[in-house]
Number of protein chains: 2
Amino acid sequence: MVWKAATFNVNGIRARLPLLLEWLQEQRPHVACLQEIKCQDKDFPHDAFVEAGYHVVWKGQKSFNGVAVLTTDPPQEVVRETDREVLDGEARFLAVKTCGVWVINTYVPQGRSPQDPAFGYKLAFLKETAQWIDARFAPDVPLLWTGDINVAPDPQDVYDPQRLDGEVGFHPEERRLFKEILGWGLVDLFRHLHPDEKQFTFWDYRLPRSVQRNLGWRLDHMLVTEPLAQAARDCRVDMTPRQKPKPSDHTPLVAVFHLDALSVSSPG
Amino acid sequence: MVWKAATFNVNGIRARLPLLLEWLQEQRPHVACLQEIKCQDKDFPHDAFVEAGYHVVWKGQKSFNGVAVLTTDPPQEVVRETDREVLDGEARFLAVKTCGVWVINTYVPQGRSPQDPAFGYKLAFLKETAQWIDARFAPDVPLLWTGDINVAPDPQDVYDPQRLDGEVGFHPEERRLFKEILGWGLVDLFRHLHPDEKQFTFWDYRLPRSVQRNLGWRLDHMLVTEPLAQAARDCRVDMTPRQKPKPSDHTPLVAVFHLDALSVSSPG
DNA sequence: GACAAAGGAG
DNA sequence: CTCCTTTGTC
(Lines give C-alpha, C1' and ligand atoms only; values in the text may rest on other atoms or scores of the structure.)
Protein backbone atom coordinates (compact mmCIF):
# COMPACT_ATOMS: atom_id res chain seq x y z
CA MET A 1 0.00 0.00 0.00
CA VAL A 2 0.92 3.65 -0.44
CA TRP A 3 1.16 4.97 3.08
CA LYS A 4 1.15 8.67 3.98
CA ALA A 5 2.50 9.90 7.31
CA ALA A 6 2.48 13.42 8.72
CA THR A 7 3.71 15.36 11.73
CA PHE A 8 2.21 18.68 12.80
CA ASN A 9 2.84 20.77 15.90
CA VAL A 10 -0.62 22.36 16.10
CA ASN A 11 0.06 24.74 19.02
CA GLY A 12 -3.33 24.22 20.70
CA ILE A 13 -5.68 21.67 19.22
CA ARG A 14 -8.81 23.60 20.16
CA ALA A 15 -7.59 26.79 18.54
CA ARG A 16 -6.45 24.85 15.47
CA LEU A 17 -9.40 22.50 15.01
CA PRO A 18 -10.97 24.07 11.89
CA LEU A 19 -7.61 24.42 10.12
CA LEU A 20 -6.57 20.89 11.12
CA LEU A 21 -9.80 19.23 9.98
CA GLU A 22 -9.64 21.02 6.64
CA TRP A 23 -6.03 19.94 6.20
CA LEU A 24 -6.80 16.31 7.12
CA GLN A 25 -9.53 16.17 4.47
CA GLU A 26 -7.16 17.56 1.86
CA GLN A 27 -4.17 15.39 2.74
CA ARG A 28 -5.81 12.29 4.20
CA PRO A 29 -2.62 10.97 5.86
CA HIS A 30 -2.83 7.39 7.14
CA VAL A 31 -1.12 8.56 10.29
CA ALA A 32 -0.91 12.11 11.67
CA CYS A 33 1.26 12.83 14.70
CA LEU A 34 0.24 15.97 16.53
CA GLN A 35 2.18 17.89 19.17
CA GLU A 36 1.31 20.68 21.59
CA ILE A 37 -2.36 19.85 21.76
CA LYS A 38 -2.37 21.93 24.98
CA CYS A 39 -5.42 20.47 26.60
CA GLN A 40 -6.39 17.99 29.26
CA ASP A 41 -7.61 14.57 28.17
CA LYS A 42 -11.23 15.48 28.89
CA ASP A 43 -11.06 18.56 26.64
CA PHE A 44 -9.65 16.76 23.59
CA PRO A 45 -12.05 17.11 20.62
CA HIS A 46 -12.19 13.36 20.04
CA ASP A 47 -15.54 13.30 18.24
CA ALA A 48 -14.41 15.68 15.51
CA PHE A 49 -11.65 13.26 14.46
CA VAL A 50 -13.87 10.20 14.62
CA GLU A 51 -16.33 12.01 12.33
CA ALA A 52 -13.38 12.73 10.05
CA GLY A 53 -12.72 8.99 9.87
CA TYR A 54 -9.76 8.65 12.23
CA HIS A 55 -8.85 6.51 15.17
CA VAL A 56 -7.36 8.68 17.87
CA VAL A 57 -4.86 8.10 20.66
CA TRP A 58 -4.02 11.10 22.79
CA LYS A 59 -2.16 12.11 25.90
CA GLY A 60 -3.09 15.50 27.29
CA GLN A 61 -1.88 17.85 29.99
CA LYS A 62 -3.22 21.13 31.32
CA SER A 63 -1.98 24.20 29.42
CA PHE A 64 1.19 22.76 27.94
CA ASN A 65 2.53 19.96 25.75
CA GLY A 66 0.24 17.08 24.87
CA VAL A 67 0.51 14.71 21.89
CA ALA A 68 -1.93 12.75 19.76
CA VAL A 69 -1.79 10.20 16.94
CA LEU A 70 -4.55 9.91 14.35
CA THR A 71 -4.70 6.79 12.20
CA THR A 72 -7.03 5.70 9.42
CA ASP A 73 -6.40 2.05 10.34
CA PRO A 74 -7.02 0.93 13.93
CA PRO A 75 -3.76 0.97 15.90
CA GLN A 76 -2.29 -2.51 16.30
CA GLU A 77 -0.42 -1.53 19.47
CA VAL A 78 -0.20 1.57 21.66
CA VAL A 79 2.45 2.65 24.17
CA ARG A 80 1.44 5.51 26.43
CA GLU A 81 3.74 4.82 29.37
CA THR A 82 7.41 3.87 29.16
CA ASP A 83 8.11 3.70 32.90
CA ARG A 84 10.88 6.22 32.25
CA GLU A 85 10.35 9.35 34.33
CA VAL A 86 11.87 11.62 31.68
CA LEU A 87 9.50 10.35 28.98
CA ASP A 88 6.36 9.98 31.10
CA GLY A 89 6.67 13.04 33.37
CA GLU A 90 5.06 15.36 30.85
CA ALA A 91 2.71 14.56 27.96
CA ARG A 92 5.35 14.41 25.26
CA PHE A 93 5.57 10.77 24.16
CA LEU A 94 3.18 8.42 22.41
CA ALA A 95 3.95 5.34 20.31
CA VAL A 96 1.57 3.51 17.99
CA LYS A 97 1.96 0.57 15.66
CA THR A 98 -0.17 0.98 12.57
CA CYS A 99 -0.04 -0.70 9.17
CA GLY A 100 2.90 -2.73 10.45
CA VAL A 101 4.98 0.37 11.21
CA TRP A 102 5.96 1.58 14.67
CA VAL A 103 5.38 5.32 14.89
CA ILE A 104 7.00 7.17 17.80
CA ASN A 105 5.52 10.64 18.26
CA THR A 106 7.50 13.01 20.48
CA TYR A 107 7.26 16.64 21.46
CA VAL A 108 10.85 17.17 22.54
CA PRO A 109 11.28 19.95 25.16
CA GLN A 110 12.28 23.26 23.61
CA GLY A 111 15.02 23.80 26.20
CA ARG A 112 14.47 27.47 26.95
CA SER A 113 18.17 28.43 27.04
CA PRO A 114 21.44 26.45 27.14
CA GLN A 115 21.93 27.46 30.80
CA ASP A 116 18.42 26.49 31.87
CA PRO A 117 17.71 23.13 33.53
CA ALA A 118 15.18 22.70 30.73
CA PHE A 119 18.08 22.28 28.32
CA GLY A 120 19.40 19.33 30.31
CA TYR A 121 15.91 17.91 30.32
CA LYS A 122 15.78 18.27 26.53
CA LEU A 123 19.05 16.35 26.06
CA ALA A 124 17.90 13.69 28.53
CA PHE A 125 14.57 13.36 26.71
CA LEU A 126 16.32 12.80 23.39
CA LYS A 127 18.69 10.23 24.94
CA GLU A 128 15.91 8.38 26.74
CA THR A 129 13.78 8.17 23.63
CA ALA A 130 16.73 6.79 21.68
CA GLN A 131 17.43 4.31 24.49
CA TRP A 132 13.80 3.25 24.66
CA ILE A 133 13.81 2.62 20.94
CA ASP A 134 17.09 0.71 21.16
CA ALA A 135 15.77 -1.44 24.00
CA ARG A 136 12.68 -2.39 22.05
CA PHE A 137 13.60 -2.38 18.39
CA ALA A 138 16.39 -3.11 15.99
CA PRO A 139 17.37 -0.83 13.10
CA ASP A 140 16.02 -3.35 10.59
CA VAL A 141 12.44 -2.89 11.85
CA PRO A 142 10.18 -0.43 10.00
CA LEU A 143 10.10 2.42 12.50
CA LEU A 144 9.34 6.13 12.28
CA TRP A 145 10.37 8.53 15.04
CA THR A 146 8.63 11.76 14.23
CA GLY A 147 7.34 14.90 15.85
CA ASP A 148 8.62 18.28 16.93
CA ILE A 149 12.20 17.26 17.76
CA ASN A 150 13.13 20.90 18.42
CA VAL A 151 16.61 20.48 16.93
CA ALA A 152 17.80 22.03 13.67
CA PRO A 153 20.63 19.61 12.86
CA ASP A 154 22.57 21.57 10.27
CA PRO A 155 23.39 25.16 9.26
CA GLN A 156 21.02 24.92 6.30
CA ASP A 157 18.22 24.14 8.78
CA VAL A 158 18.04 27.65 10.29
CA TYR A 159 17.54 31.03 8.63
CA ASP A 160 20.78 32.52 9.95
CA PRO A 161 23.25 29.89 11.20
CA GLN A 162 25.87 32.49 12.17
CA ARG A 163 23.52 34.53 14.32
CA LEU A 164 21.73 31.51 15.81
CA ASP A 165 24.78 29.38 16.60
CA GLY A 166 24.56 28.35 20.25
CA GLU A 167 20.88 29.26 20.56
CA VAL A 168 18.55 26.63 21.87
CA GLY A 169 17.41 24.50 18.92
CA PHE A 170 20.73 25.07 17.13
CA HIS A 171 23.24 24.41 19.90
CA PRO A 172 26.32 22.26 19.16
CA GLU A 173 25.43 19.85 21.95
CA GLU A 174 21.96 19.03 20.63
CA ARG A 175 23.17 18.87 17.05
CA ARG A 176 25.91 16.41 18.05
CA LEU A 177 23.37 14.32 19.97
CA PHE A 178 21.00 14.38 17.01
CA LYS A 179 23.72 12.96 14.75
CA GLU A 180 24.67 10.40 17.36
CA ILE A 181 21.05 9.23 17.48
CA LEU A 182 20.97 8.88 13.69
CA GLY A 183 24.08 6.73 14.06
CA TRP A 184 22.01 3.98 15.68
CA GLY A 185 20.30 3.44 12.36
CA LEU A 186 17.92 6.29 11.63
CA VAL A 187 17.73 8.47 8.54
CA ASP A 188 16.63 12.11 8.56
CA LEU A 189 14.20 11.48 5.75
CA PHE A 190 13.64 15.03 4.54
CA ARG A 191 17.37 15.71 4.34
CA HIS A 192 18.00 12.28 2.83
CA LEU A 193 15.63 12.99 -0.05
CA HIS A 194 16.52 16.68 -0.38
CA PRO A 195 20.24 17.05 0.46
CA ASP A 196 20.45 20.72 -0.54
CA GLU A 197 17.03 22.19 0.14
CA LYS A 198 16.71 24.98 2.67
CA GLN A 199 13.21 24.35 3.96
CA PHE A 200 11.72 25.07 7.35
CA THR A 201 8.84 23.77 9.45
CA PHE A 202 8.69 26.53 12.09
CA TRP A 203 8.53 30.32 11.98
CA ASP A 204 8.40 32.28 15.26
CA TYR A 205 5.20 34.27 15.79
CA ARG A 206 7.27 36.95 17.51
CA LEU A 207 9.43 37.85 14.53
CA PRO A 208 7.46 40.31 12.38
CA ARG A 209 6.53 38.77 9.00
CA SER A 210 8.75 35.77 9.72
CA VAL A 211 6.99 33.62 7.12
CA GLN A 212 7.22 36.16 4.29
CA ARG A 213 10.90 36.75 5.12
CA ASN A 214 11.36 32.99 5.61
CA LEU A 215 12.99 33.39 9.02
CA GLY A 216 12.40 29.76 9.93
CA TRP A 217 13.83 26.61 11.46
CA ARG A 218 13.60 22.92 10.46
CA LEU A 219 12.62 21.42 13.81
CA ASP A 220 10.02 18.82 12.84
CA HIS A 221 11.43 15.58 11.51
CA MET A 222 10.82 12.08 10.23
CA LEU A 223 13.60 9.79 11.42
CA VAL A 224 13.20 6.39 9.79
CA THR A 225 14.98 3.04 9.88
CA GLU A 226 16.58 1.71 6.75
CA PRO A 227 13.61 -0.38 5.55
CA LEU A 228 11.35 2.67 5.70
CA ALA A 229 13.98 4.89 4.11
CA GLN A 230 14.04 2.52 1.15
CA ALA A 231 10.24 2.46 1.04
CA ALA A 232 10.06 6.27 1.03
CA ARG A 233 8.84 7.95 -2.13
CA ASP A 234 8.40 11.54 -0.92
CA CYS A 235 8.98 13.76 2.08
CA ARG A 236 8.04 17.43 1.93
CA VAL A 237 6.98 20.44 3.97
CA ASP A 238 3.39 21.55 3.41
CA MET A 239 3.48 25.34 3.71
CA THR A 240 -0.21 25.96 3.15
CA PRO A 241 -1.43 25.62 6.77
CA ARG A 242 1.16 28.17 7.93
CA GLN A 243 -0.11 30.63 5.30
CA LYS A 244 -3.77 30.54 6.29
CA PRO A 245 -5.54 32.67 8.92
CA LYS A 246 -4.95 31.67 12.54
CA PRO A 247 -2.01 29.36 11.80
CA SER A 248 0.15 27.36 14.16
CA ASP A 249 3.75 28.55 14.35
CA HIS A 250 4.71 25.17 12.82
CA THR A 251 3.58 23.63 9.54
CA PRO A 252 3.24 19.93 8.69
CA LEU A 253 5.90 17.61 7.31
CA VAL A 254 4.43 14.86 5.11
CA ALA A 255 5.98 11.66 3.77
CA VAL A 256 4.81 8.87 1.46
CA PHE A 257 6.00 5.25 1.62
CA HIS A 258 5.41 2.15 -0.46
CA LEU A 259 4.88 -0.34 2.31
CA ASP A 260 4.67 -3.30 -0.09
CA ALA A 261 8.36 -2.75 -0.79
CA LEU A 262 9.05 -3.54 2.87
CA SER A 263 10.81 -6.74 3.94
CA VAL A 264 9.02 -6.75 7.28
CA SER A 265 10.65 -8.54 10.19
CA SER A 266 8.88 -6.74 13.03
CA PRO A 267 9.58 -8.15 16.50
CA GLY A 268 7.49 -5.48 18.39
CA MET B 1 -35.66 61.77 4.10
CA VAL B 2 -36.23 58.21 5.28
CA TRP B 3 -34.01 57.89 8.32
CA LYS B 4 -33.02 54.57 9.88
CA ALA B 5 -31.75 54.38 13.45
CA ALA B 6 -30.44 51.34 15.33
CA THR B 7 -29.20 50.35 18.76
CA PHE B 8 -27.02 47.30 19.39
CA ASN B 9 -25.26 46.14 22.55
CA VAL B 10 -22.35 44.39 20.83
CA ASN B 11 -20.69 42.88 23.95
CA GLY B 12 -17.13 43.55 22.81
CA ILE B 13 -16.60 45.43 19.57
CA ARG B 14 -13.41 43.55 18.67
CA ALA B 15 -15.03 40.15 19.10
CA ARG B 16 -18.12 41.35 17.19
CA LEU B 17 -16.44 43.24 14.35
CA PRO B 18 -17.09 40.76 11.49
CA LEU B 19 -20.73 40.26 12.49
CA LEU B 20 -21.25 44.00 13.01
CA LEU B 21 -19.74 45.04 9.67
CA GLU B 22 -21.82 42.47 7.82
CA TRP B 23 -24.95 43.70 9.59
CA LEU B 24 -24.16 47.36 8.85
CA GLN B 25 -23.83 46.57 5.15
CA GLU B 26 -27.17 44.77 5.15
CA GLN B 27 -29.10 47.33 7.20
CA ARG B 28 -27.24 50.56 6.41
CA PRO B 29 -28.71 52.53 9.34
CA HIS B 30 -28.10 56.29 9.23
CA VAL B 31 -27.23 56.11 12.89
CA ALA B 32 -26.11 53.09 14.90
CA CYS B 33 -25.71 53.35 18.66
CA LEU B 34 -23.41 50.71 20.10
CA GLN B 35 -22.96 49.72 23.74
CA GLU B 36 -20.44 47.58 25.59
CA ILE B 37 -17.64 48.11 23.11
CA LYS B 38 -15.32 46.93 25.92
CA CYS B 39 -12.13 48.54 24.73
CA GLN B 40 -9.96 51.52 25.38
CA ASP B 41 -10.13 54.45 22.96
CA LYS B 42 -6.82 53.46 21.35
CA ASP B 43 -8.06 49.93 20.61
CA PHE B 44 -11.31 50.98 18.91
CA PRO B 45 -11.38 49.67 15.30
CA HIS B 46 -12.06 53.11 13.86
CA ASP B 47 -10.70 52.42 10.36
CA ALA B 48 -13.05 49.51 9.73
CA PHE B 49 -16.08 51.78 10.19
CA VAL B 50 -14.63 54.59 8.09
CA GLU B 51 -14.08 52.05 5.31
CA ALA B 52 -17.69 51.00 5.77
CA GLY B 53 -18.73 54.62 5.14
CA TYR B 54 -19.43 55.80 8.69
CA HIS B 55 -18.45 58.72 10.83
CA VAL B 56 -17.61 57.45 14.29
CA VAL B 57 -17.75 58.94 17.76
CA TRP B 58 -16.67 56.66 20.59
CA LYS B 59 -15.97 56.66 24.28
CA GLY B 60 -13.99 53.70 25.51
CA GLN B 61 -12.90 52.27 28.82
CA LYS B 62 -10.62 49.39 29.72
CA SER B 63 -12.42 46.00 29.90
CA PHE B 64 -15.96 47.21 30.56
CA ASN B 65 -18.71 49.43 29.19
CA GLY B 66 -17.89 51.81 26.35
CA VAL B 67 -20.28 53.34 23.81
CA ALA B 68 -20.05 54.48 20.20
CA VAL B 69 -22.24 56.22 17.64
CA LEU B 70 -21.86 55.58 13.92
CA THR B 71 -23.48 58.03 11.48
CA THR B 72 -23.64 58.15 7.71
CA ASP B 73 -23.91 61.96 7.86
CA PRO B 74 -21.24 63.88 9.76
CA PRO B 75 -22.42 64.65 13.29
CA GLN B 76 -23.65 68.22 13.68
CA GLU B 77 -22.89 68.26 17.40
CA VAL B 78 -21.32 65.86 19.87
CA VAL B 79 -21.57 65.72 23.68
CA ARG B 80 -19.04 63.44 25.37
CA GLU B 81 -18.95 65.08 28.79
CA THR B 82 -21.96 66.22 30.80
CA ASP B 83 -20.11 67.44 33.91
CA ARG B 84 -22.32 65.06 35.87
CA GLU B 85 -20.24 62.55 37.80
CA VAL B 86 -22.85 59.80 37.46
CA LEU B 87 -22.95 60.12 33.66
CA ASP B 88 -19.25 60.76 33.05
CA GLY B 89 -17.67 58.44 35.64
CA GLU B 90 -17.85 55.42 33.35
CA ALA B 91 -18.02 55.25 29.55
CA ARG B 92 -21.80 54.91 29.31
CA PHE B 93 -23.06 58.15 27.74
CA LEU B 94 -22.65 59.77 24.34
CA ALA B 95 -24.93 62.25 22.56
CA VAL B 96 -24.83 63.20 18.91
CA LYS B 97 -26.95 65.47 16.75
CA THR B 98 -27.30 64.09 13.24
CA CYS B 99 -29.77 64.83 10.44
CA GLY B 100 -31.38 67.37 12.78
CA VAL B 101 -32.12 64.76 15.47
CA TRP B 102 -30.49 64.56 18.88
CA VAL B 103 -29.50 60.98 19.61
CA ILE B 104 -28.64 60.07 23.22
CA ASN B 105 -26.85 56.74 23.45
CA THR B 106 -26.65 55.19 26.92
CA TYR B 107 -25.43 51.94 28.37
CA VAL B 108 -27.39 52.00 31.63
CA PRO B 109 -25.72 50.04 34.47
CA GLN B 110 -27.14 46.56 34.86
CA GLY B 111 -27.47 46.95 38.64
CA ARG B 112 -26.18 43.56 39.76
CA SER B 113 -28.82 42.99 42.47
CA PRO B 114 -31.45 45.19 44.17
CA GLN B 115 -29.35 45.21 47.37
CA ASP B 116 -26.10 46.14 45.61
CA PRO B 117 -24.85 49.73 45.47
CA ALA B 118 -24.78 49.17 41.70
CA PHE B 119 -28.59 49.22 41.77
CA GLY B 120 -28.59 52.68 43.32
CA TYR B 121 -26.09 53.75 40.68
CA LYS B 122 -28.42 52.41 37.99
CA LEU B 123 -31.39 54.41 39.28
CA ALA B 124 -29.21 57.51 39.65
CA PHE B 125 -27.91 57.08 36.08
CA LEU B 126 -31.44 56.91 34.71
CA LYS B 127 -32.50 59.99 36.70
CA GLU B 128 -29.42 61.99 35.74
CA THR B 129 -29.85 61.19 32.06
CA ALA B 130 -33.50 62.29 32.24
CA GLN B 131 -32.46 65.46 34.10
CA TRP B 132 -29.73 66.21 31.59
CA ILE B 133 -32.23 65.86 28.76
CA ASP B 134 -34.76 68.03 30.59
CA ALA B 135 -32.15 70.72 31.22
CA ARG B 136 -31.19 70.88 27.56
CA PHE B 137 -34.25 69.97 25.55
CA ALA B 138 -38.01 70.32 25.45
CA PRO B 139 -40.38 67.47 24.60
CA ASP B 140 -41.25 69.10 21.28
CA VAL B 141 -37.69 68.70 19.97
CA PRO B 142 -36.89 65.65 17.80
CA LEU B 143 -34.94 63.54 20.23
CA LEU B 144 -34.09 59.86 20.52
CA TRP B 145 -32.83 58.35 23.77
CA THR B 146 -31.68 54.89 22.88
CA GLY B 147 -29.32 52.17 23.97
CA ASP B 148 -29.23 49.32 26.42
CA ILE B 149 -31.48 50.79 29.10
CA ASN B 150 -31.38 47.55 31.09
CA VAL B 151 -35.02 47.86 32.18
CA ALA B 152 -37.87 45.63 30.99
CA PRO B 153 -40.77 48.00 31.66
CA ASP B 154 -43.74 45.61 31.56
CA PRO B 155 -44.61 41.97 32.26
CA GLN B 156 -44.75 41.24 28.54
CA ASP B 157 -41.11 42.38 28.31
CA VAL B 158 -39.63 39.38 30.12
CA TYR B 159 -39.98 35.67 29.45
CA ASP B 160 -41.41 34.85 32.90
CA PRO B 161 -42.76 37.91 34.72
CA GLN B 162 -43.81 35.90 37.78
CA ARG B 163 -40.45 34.30 38.32
CA LEU B 164 -38.45 37.42 37.45
CA ASP B 165 -40.48 39.94 39.48
CA GLY B 166 -38.05 41.83 41.69
CA GLU B 167 -34.98 40.73 39.76
CA VAL B 168 -32.65 43.40 38.54
CA GLY B 169 -33.92 44.59 35.14
CA PHE B 170 -37.53 43.86 36.15
CA HIS B 171 -37.68 45.43 39.60
CA PRO B 172 -40.71 47.57 40.55
CA GLU B 173 -38.49 50.53 41.37
CA GLU B 174 -36.81 50.67 37.96
CA ARG B 175 -40.07 50.00 36.12
CA ARG B 176 -41.73 52.87 38.01
CA LEU B 177 -38.80 55.16 37.23
CA PHE B 178 -38.92 54.13 33.56
CA LYS B 179 -42.60 55.15 33.37
CA GLU B 180 -41.88 58.38 35.21
CA ILE B 181 -39.22 59.21 32.65
CA LEU B 182 -41.65 58.57 29.79
CA GLY B 183 -44.01 61.00 31.55
CA TRP B 184 -41.67 63.87 30.68
CA GLY B 185 -42.58 63.39 27.04
CA LEU B 186 -40.98 60.27 25.70
CA VAL B 187 -42.60 57.37 23.88
CA ASP B 188 -41.37 53.77 24.10
CA LEU B 189 -41.42 53.43 20.33
CA PHE B 190 -41.39 49.65 19.98
CA ARG B 191 -44.27 49.26 22.46
CA HIS B 192 -46.10 52.24 20.94
CA LEU B 193 -46.10 50.61 17.49
CA HIS B 194 -46.60 47.04 18.76
CA PRO B 195 -48.79 47.22 21.88
CA ASP B 196 -49.21 43.46 22.21
CA GLU B 197 -46.02 41.92 20.85
CA LYS B 198 -43.85 39.85 23.14
CA GLN B 199 -40.44 40.51 21.63
CA PHE B 200 -37.05 40.56 23.27
CA THR B 201 -33.65 42.10 22.58
CA PHE B 202 -31.52 40.12 25.06
CA TRP B 203 -31.06 36.42 25.81
CA ASP B 204 -28.65 35.36 28.56
CA TYR B 205 -25.68 33.30 27.35
CA ARG B 206 -25.85 31.35 30.60
CA LEU B 207 -29.31 29.89 30.09
CA PRO B 208 -28.99 26.80 27.90
CA ARG B 209 -30.64 27.37 24.48
CA SER B 210 -32.14 30.62 25.70
CA VAL B 211 -32.72 31.88 22.14
CA GLN B 212 -34.47 28.75 20.90
CA ARG B 213 -36.66 28.71 24.04
CA ASN B 214 -37.06 32.50 23.75
CA LEU B 215 -36.03 33.11 27.36
CA GLY B 216 -35.38 36.79 26.72
CA TRP B 217 -35.80 40.33 27.97
CA ARG B 218 -36.67 43.59 26.19
CA LEU B 219 -33.91 45.80 27.59
CA ASP B 220 -32.87 47.86 24.55
CA HIS B 221 -35.14 50.74 23.69
CA MET B 222 -35.88 53.73 21.50
CA LEU B 223 -37.45 56.48 23.59
CA VAL B 224 -38.58 59.29 21.31
CA THR B 225 -40.22 62.67 21.70
CA GLU B 226 -43.62 63.32 20.16
CA PRO B 227 -42.38 64.73 16.83
CA LEU B 228 -40.24 61.64 16.24
CA ALA B 229 -43.03 59.34 17.36
CA GLN B 230 -45.23 60.84 14.68
CA ALA B 231 -42.45 60.54 12.11
CA ALA B 232 -41.90 56.86 12.95
CA ARG B 233 -42.86 54.32 10.31
CA ASP B 234 -41.34 51.16 11.81
CA CYS B 235 -39.60 49.84 14.88
CA ARG B 236 -38.59 46.21 15.09
CA VAL B 237 -36.16 43.74 16.59
CA ASP B 238 -33.68 42.21 14.14
CA MET B 239 -33.18 38.65 15.36
CA THR B 240 -30.69 37.62 12.70
CA PRO B 241 -27.44 38.76 14.42
CA ARG B 242 -28.35 36.82 17.57
CA GLN B 243 -28.85 33.65 15.47
CA LYS B 244 -25.47 33.72 13.75
CA PRO B 245 -22.20 32.19 15.03
CA LYS B 246 -20.39 34.11 17.77
CA PRO B 247 -23.33 36.41 18.57
CA SER B 248 -23.65 39.13 21.17
CA ASP B 249 -26.12 38.34 23.97
CA HIS B 250 -28.19 41.28 22.66
CA THR B 251 -29.65 41.81 19.18
CA PRO B 252 -30.33 45.12 17.42
CA LEU B 253 -33.47 47.23 17.58
CA VAL B 254 -34.09 49.19 14.36
CA ALA B 255 -36.48 52.06 13.62
CA VAL B 256 -37.39 54.04 10.50
CA PHE B 257 -38.58 57.65 10.48
CA HIS B 258 -39.80 60.05 7.80
CA LEU B 259 -37.86 63.11 8.84
CA ASP B 260 -39.58 65.32 6.24
CA ALA B 261 -42.76 64.91 8.27
CA LEU B 262 -41.02 66.70 11.16
CA SER B 263 -42.01 70.18 12.25
CA VAL B 264 -38.48 70.91 13.46
CA SER B 265 -38.03 73.54 16.15
CA SER B 266 -34.65 72.40 17.46
CA PRO B 267 -33.08 74.69 20.06
CA GLY B 268 -30.04 72.46 20.73
C1' DG C 1 -21.44 31.36 28.11
C1' DA C 2 -18.79 34.80 26.32
C1' DC C 3 -16.37 39.08 26.83
C1' DA C 4 -11.83 41.38 28.33
C1' DA C 5 -7.36 41.50 31.10
C1' DA C 6 -3.13 39.95 33.18
C1' DG C 7 0.45 36.46 33.55
C1' DG C 8 3.37 32.65 31.77
C1' DA C 9 5.12 30.31 27.93
C1' DG C 10 7.04 29.25 23.17
C1' DC D 1 2.49 36.99 18.24
C1' DT D 2 -0.53 33.43 19.78
C1' DC D 3 -1.49 30.00 22.88
C1' DC D 4 -3.70 28.73 27.60
C1' DT D 5 -5.29 30.00 32.52
C1' DT D 6 -7.48 32.76 35.99
C1' DT D 7 -10.32 36.42 37.46
C1' DG D 8 -14.11 39.68 37.01
C1' DT D 9 -18.29 41.17 34.81
C1' DC D 10 -22.91 40.56 32.98
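Reading the values: rules and limits
- Residues numbered from 1 in each chain as written.
- Chains lettered and ligands numbered in written order.
- Predicted model: local features only at pLDDT ≥ 70, side-chain atom pairs only at ≥ 80, totals over all residues.
- Heavy atoms only, no water.
- UniProt positions renumbered as here; feature names shortened; annotations may be inferred.
- Pairing = 2+ DSSP bridges.
- Helix = DSSP H or I, 4+ residues; strand = E, 2+ residues; numbered from the N terminus.
- Contact = heavy atoms within 4.5 Å.
- Axes fitted to C-alpha atoms, helices over the stretch in contact; angles between N-to-C directions.
- Near = heavy atom within 4 Å.
- Polar contact = N/O pair within 3.5 Å; in protein donor to acceptor, adjacent residues only side chain to side chain.
- Nonpolar A, V, L, I, M, F, W, Y, C, P; charged D, E, K, R; others polar.

As annotated in an unreviewed UniProt entry, chain A is Exodeoxyribonuclease III from Desulfacinum hydrothermale DSM 13146. What UniProt records for chain A under Sequence similarities (unreviewed entry) is the sentence "Belongs to the DNA repair enzymes AP/ExoA family."

Residues and elements named next belong to chain A. If you trace the 6 strands from one edge of the open sheet to the other, you get β5-β6-β7-β8-β12-β9, paired in mixed fashion. Of all strands in the sheet, those bounded by a partner on one side alone are β5 (77-79) and β9 (187-188). Across 6 bridges, strand β7 (residues 101-107) lies against strand β8 (residues 143-148) in parallel orientation. Residue W102 lies in a different strand from β8, and its bridge partner there is L143. The strands touched by helix α4 (residues 117-136) are β5, β6 (93-98), β7 and β8; relative to β7, the strand with the most contacts, the crossing angle is about 165°.

Around DNA strand C sit 15 residues in total, of which Q110 and R112 of chain A together with K62, S63 and Y205 of chain B are the nearest. The separation between a phosphate oxygen of DNA strand C and a polar main-chain atom of A15 of chain B is 3.5 Å. Contact distances for DNA strand C include 2.8 Å between a sugar or linking oxygen and a backbone N or O atom of Y205 of chain B. Residues of the surface near DNA strand C, tallied by class, amount to 3 nonpolar, 4 polar and 8 charged.

Turning to the protein's contact with DNA strand D, a few remarks are in order. Taken together, the neighbourhood of DNA strand D is formed by 15 residues, with K62, S63, Y205 and K246 of chain A together with R112 of chain B sitting nearest. Sugar and phosphate atoms represent 82% of those atoms of DNA strand D found within 4 Å of the protein. R16 of chain A is positioned such that a nitrogen or oxygen atom in its side chain is 3.3 Å from a phosphate oxygen of DNA strand D. Within the side chain of R112 of chain B, an N or O atom sits 3.0 Å from a phosphate oxygen of DNA strand D. Here the surface near DNA strand D is built from residues that sort into 3 nonpolar, 4 polar and 8 charged.

Below, the discussion takes up the sheet that holds strand β12 (residues 220-224) of chain B. All names here are of chain B. A sheet is described by the order of its strands in space; here 6 strands give the open sequence β5-β6-β7-β8-β12-β9, paired in mixed fashion. Each of the sheet's edge strands pairs with one partner strand only, and the pair in question is β5 (77-79) and β9 (187-188). Where strand β8 (residues 143-148) lies against β12, 5 bridges are found, and the strand directions are antiparallel. Directly across from D148, in β12, lies its bridge partner D220.

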